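Chains, contacts and geometry: an overview
Residues per chain, in single letters:
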Amino acid sequence: MSYGPLPKKVDPRKLAEREAEFKGTAKIADMPRLASCLVDDEGTVEVQIRFAKDEQRLRVISGEAHGKVRMTCQRCLEPVSVEIDATLSLAVALTDEQAQNLPRCYDPLIMETDEIELLPIIEDELMLSLPLVPFHDDCSIQTSFGDAETARTQEEKPNPFSVLAQLKEKADKS
């Protein structure tokens, strides 16, 4: 197992032959698509990734990524801290036909070149693990905006349709 910074580019086929494993951190700032869904790009994600061959002799990539990010609460629109956990389960395929014939337990990773960038793959899985609607468990929703005096005067205004109610009452009596 290799500890430290994750490699930028890897050849999954060669690493699967050696059954390589990497453990390290990835900066959120280095993942622009993920960062665009967040309040800021501060922080890191702990990543553990393994390359191996399974019982069918398929080259597979498995692993986990864990971290804490800040998103916008959809109730109060303030930042909320969210735990994200992603699980990778990919199988290397060279063509679309090979990708279609993979077992359902794997997502296909179609290789167009010998090497792939590792960070975008991790970024994709992290984006899929983000909650659709992040919110605080205990946030209070502000229901009135502006100062209290404005809200009070709006409540004291007479109903403009009360005249119609009076006319209806007169018509019902006649």
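Read on for an overview of the structure. Since the model is a prediction, treat every value here as computed from it, not as a measurement.

**With respect to the overall build of the protein chain**
When helices and strands are counted, the protein chain shows six helices and eight strands. Each helix (α) and strand (β) of the protein chain, taken in turn from the N terminus, gives the series β-β-α-β-α-β-β-β-α-β-β-α-α-α. Taken across its 174 residues, the protein chain has 30% of its residues classed as buried. Excluding contacts between residues fewer than 6 apart, the proportion of contacts in the protein chain whose partners are at least 24 apart in sequence is 55%. Accessible surface computed for the protein chain: about 12000 Å², of which carbon and sulfur atoms make up 50%.

**Details of the nonpolar core**
Ranked by internal contacts, the top residues of the largest apolar core, which has 36 residues, are F51, V69 and L126. Counting residues per element, the ones that place at least two in this core are β3 (21-27), α2 (32-35), β4 (44-53), β5 (59-72), β6 (79-93) and α4 (118-129). The dominant element in this core, judged by the number of residues it contributes, is β6, at seven residues. Once residues within four sequence positions are removed from consideration, V69 is found in contact with I28, L38, V80, S81, V82, I84 and L130. One finds A93, A99, L102 and Y106 within the second-largest nonpolar core, a separate group that totals six residues.

**What about the side chain of D54?**
Structurally, D54 is set in the loop between β4 and β5. Buried charge without a partner: D54 forms no salt bridge, and the closest opposite charge is R57, 7.4 Å away. There is a polar contact of 2.9 Å between the side chain of D54 and the side chain of Y106. Other than its neighbours up to four places away in sequence, D54 contacts V60 and Y106.

**Points about helix α6 (residues 162-173)**
If you check α6, its first and last C-alpha atoms are 17 Å apart, about what 12 residues at 1.5 Å a residue would give, namely 16 Å. The element α6 is barely covered by neighbouring structure, given that only zero of its 12 residues are classed as buried.

**Looking at the pattern of salt bridges**
In total, this model carries nine salt bridges according to the counting rule given. Among the ionic pairs, E123 bridges to R33, the shortest N-O distance being 3.2 Å. Of the two residues, E123 sits in helix α4 while R33 sits in helix α2, which places them 90 residues apart along the sequence. Close ionic contact of R33 with D124 constitutes a salt bridge, the shortest N to O distance being 2.8 Å. Of the two residues, R33 sits in helix α2 while D124 sits in helix α4, which places them 91 residues apart along the sequence.

Rules used throughout
- Residues numbered from 1 in each chain as written.
- Predicted model: local features only at pLDDT ≥ 70, side-chain atom pairs only at ≥ 80, totals over all residues.
- Heavy atoms only, no water.
- Helix = DSSP H or I, 4+ residues; strand = E, 2+ residues; numbered from the N terminus.
- Buried < 20%, exposed > 50% of the residue type's maximum accessible area, 1.4 Å probe, protein only.
- Contact = heavy atoms within 4.5 Å.
- Areas by Shrake-Rupley, 256 points an atom, 1.4 Å probe, with all protein chains shown as cover.
- Core = buried A, V, L, I, M, F, W, Y, C linked by side-chain atoms within 4.5 Å.
- Lys, Arg positive; Asp, Glu negative; His and termini not counted.
- Salt bridge = Lys/Arg side-chain N within 4 Å of Asp/Glu carboxyl O.
- Polar contact = N/O pair within 3.5 Å; in protein donor to acceptor, adjacent residues only side chain to side chain.
- Expected span 1.5 Å × (residues − 1).

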